[in-house]
Amino acid sequence: MMNAELTAALETIRPELMTVTRLFGLPESIWDDTPRYIPAAEETGGNYRITFTDGSESATRTVPVPNDPDPRVQALHRRRAARRLCKQALYDLCRKTTGIHPPWGSMTGVRPTHLMNEALADGLSPEEAVDRLVRDFDVLRPKAELLAEIAAVQSALPAPGDGWMDVYIGIPFCPTRCAYCSFSSGEIGDGRLVAPYMASLAEEIRACAPMIAGTGRKLRALYIGGGTPTALPEKAFREMLSLVCEYFPGALETTVEAGRPDSLSRDKIRAVQEAGISRISINPQTMNDRTLRVIGRAHTAQQVRDAYAMAREEGVRHINMDVIAGLPGEGEADFRHTMDEAVSLHPESLTVHTLAIKRSSRMSLENAPLPDGMLTAHMVALGLEAARTLGMVPYYLYRQKYMAGNLENTGYALPGHACLYNVDMMEETSHILALGAGGISKRIWPEEGHITRAPNVSNITEYIARTGEMIRRKQELFLESIPS
Ligand code: SF4
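These figures come from a predicted structure and were not determined experimentally.

1. Description of the overall build of the protein chain
Inference 1: Secondary structure summary: the protein chain contains 17 helices and 16 strands in total.
Inference 2: Expected size for 484 residues packed as a compact globule is a radius of gyration near 23 Å; at 24 Å, the protein chain falls within 12% of this value.
Inference 3: Along the three orthogonal principal directions, the C-alpha set of the protein chain runs to about 75 × 55 × 45 Å.
Inference 4: By residue count, 43% of the 484 residues in the protein chain fall in the buried class.
Inference 5: The long-range fraction of contacts in the protein chain, counting pairs at least 24 apart against all pairs at least 6 apart in sequence, stands at 74%.

2. Some details on helix H4 (residues 112-121)
Along an α-helix, residues three or four positions apart point the same way, because every turn accommodates 3.6 residues.
Inference 1: Among the residues making up H4, those that are buried are Pro112, Thr113, Met116 and Ala119. Across the axial projection of H4, the buried residues extend over an arc of 120°, all falling on one side.
Inference 2: Looking at the buried positions of H4, the neighbouring elements they touch are helix H5 (126-137), helix H6 (141-155), strand E12 (393-398) and helix H15 (420-427).
Inference 3: Following H4 by one or two positions, Gly123 adopts a phi angle in the positive range, close to 95°.

3. Regarding the packing of helix H7 (residues 194-208) against helix H9 (residues 234-247)
Inference 1: In contact at an axis separation of 11 Å, H7 and H9 are set at 5° when each is read in the N-to-C sense. Viewed along their axes, H7 and H9 adopt a mutual orientation that is roughly parallel. Here Val194, Met198, Ala202, Ile205 and Arg206 of H7 come into contact with H9, specifically with Ala236, Met240, Leu243, Val244 and Tyr247.
Inference 2: For the contact of H7 with H9, the class distribution of residues is nine nonpolar, no polar and one charged.

4. Overview of the domain arrangement of the protein chain
Inference 1: In terms of domains, the protein chain is made up of domain 1 (4-98), domain 2 (112-155) and domain 3 (164-470).
Inference 2: Look at where the C-alpha atoms of domain 1 and domain 3 centre, and you get two points 39 Å apart.

5. What to know about the pairing of strand E2 (residues 47-53)
Inference 1: Of the two faces of E2, the one lined by Tyr48, Ile50 and Phe52 is fully buried and the one lined by Asn47, Arg49, Thr51 and Thr53 carries no buried residue.
Inference 2: Sheet topology places strand E1 (residues 38-44) next to E2; seven bridges connect them, and they run antiparallel. Within E2, the residue paired with Ile38 across the bridge is Thr53.
Inference 3: Connecting E1 to the next strand, E2, in antiparallel fashion are two residues, including Gly45 with a positive phi near 55°.
Inference 4: The antiparallel hairpin formed by E2 and strand E3 (residues 58-64) contains four residues in its connecting segment, where Gly55 sits at a positive phi of about 105°.

6. A few points about the sheet that holds E2
Inference 1: Reading across from one edge, E1-E2-E3 is the order of the three strands in this open sheet, with antiparallel pairing throughout. In the strand order of this sheet, the two ends are held by E1 and E3, each with one partner. Pairwise comparison of adjacent strand axes, ignoring direction, gives a mean angle of 15° for this sheet.
Inference 2: By the bridge criterion, seven bridges tie E2 to E3 in an arrangement that is antiparallel. Its bridge partner lying in E3, Phe52 is registered against Ala59.
Inference 3: Lying over the sheet, helix H3 (residues 71-98) contacts E1, E2 and E3, oriented at roughly 150° with respect to E3.

7. A look at the nonpolar core
Inference 1: Counting residues in hydrophobic clusters, the biggest one holds 105 residues, and the most contacted among them are Leu133, Ile280 and Ile282.
Inference 2: With six residues, strand E4 (residues 164-171) is the largest single contributor of residues to this core.
Inference 3: Each of domain 2 (112-155) and domain 3 (164-470) gives at least three residues to this core.
Inference 4: Not counting residues within four places of it along the chain, the set of residues in contact with Ile280 comprises Thr255, Val256, Ala258, Val272, Ala311, Val316 and Ile319.

About the thresholds
- Residues numbered from 1 in each chain as written.
- Predicted model: local features only at pLDDT ≥ 70, side-chain atom pairs only at ≥ 80, totals over all residues.
- Helix = DSSP H or I, 4+ residues; strand = E, 2+ residues; numbered from the N terminus.
- Rg over C-alpha atoms; globule rule 2.2 N^0.38 Å.
- Buried ≥ 20, exposed ≤ 12 C-beta atoms within 10 Å, placed from the backbone.
- Contact = placed C-beta atoms within 7 Å.
- Arc of directions from axis to C-beta.
- Axes fitted to C-alpha atoms, helices over the stretch in contact; angles between N-to-C directions.
- Parallel < 35°, antiparallel > 145°, perpendicular 65-115°, else oblique.
- Nonpolar A, V, L, I, M, F, W, Y, C, P; charged D, E, K, R; others polar.
- Domains from an automatic or database assignment.
- Pairing = 2+ DSSP bridges.
- Core = buried A, V, L, I, M, F, W, Y, C linked by C-beta atoms within 7 Å.

Have a look at this one:
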């Protein structure tokens, strides 16, 4: 007879088990009416034991049943152990039957950097922490070593905490929509939404800015993103920058995304410089014109080169570059070309993304020929190589669902150029006051190990119509005490 707790765990973690089989590229249909993987579970001799079988092969895992004097803690620990065991046994079986070794092993639904930090907080040395991740999660050693390096870089950054707050300003307009985009930004089109949107944003900025000092905090990082803020017409862009800088002065770091080179002009770069912005992001994603057309970016590689040259002429000292590995139709030579160009453009920071096609993106509806997981992994390695050539170190890393090859996104930067906002966002270590459509404000509760959120609506017209409500959400989030 199956142990009741284990049986319950098996029934409730079906979605997590599906995540495990997805790591091996197995279709979701294997979980249909007659599942391919059959579990058997029992509690015997103080141990949980679970076996997954697929007919010819099987895998078994055993752990001691956790004990705790507090019955509630005991129940929680037992449930967790049972769930983890189920996932591990299934992982072992898939590894055996497919011969695939996923780069991040059995890590799912957890931030890899958190596991590294947890191991270091337990008093392990970086080498021991790497060993733990390799042993417990079957992570490839170079990936675990990357995490150890990131932890070391992050530990040297100005410490975040309750006394600081980051500010995010969302400008949800883009020149055109990229085929892989899953954000809620819209094409700027004839620009008729710009003026009402900016009026609402200004109202939200004026109402919310005093919350920082009002709650006894200081501004840490200011990030103007979207969308593509530089998609705004020059006058609106200048006005937005001067309003934001008036209400949020003194940040340790300020970023403006200028992601699409076709949205930049010399006047906008001058406005950025006059506003004292410390970092901009000009993102080719690929330096292959054919791919740029396929992914709907409506600019050329030459426009990227021109935008970098113009920014340098105007004295911009920190340019970040984003590229994507695994774009449709790209092979090794295409990605190598992009990285060679990246090296010759000398950005101060570089984020190598892996393509993730979410359901909300247009590309998921098309039959784009995508590079396979192995090729994408090779591209990611080329990205790391280019970052090293540029003298950069890795400083943040995150994974998302539906990433090609179950890989990761890694941010690299020259020493002293890590973006605090990116780290804060991924590590969830700082309060975030997020203004504009689609912004998600976060309040961290360091003592309680808790995070509360207040999302703004992402639809632009809804945001314009409900600005007052968005302001009240933030007031409730930051001015009220912790919900019980
Ligand atoms: S630039 Fe970014 S936000 Fe704009 S359409 Fe492309 S992916 Fe989406």
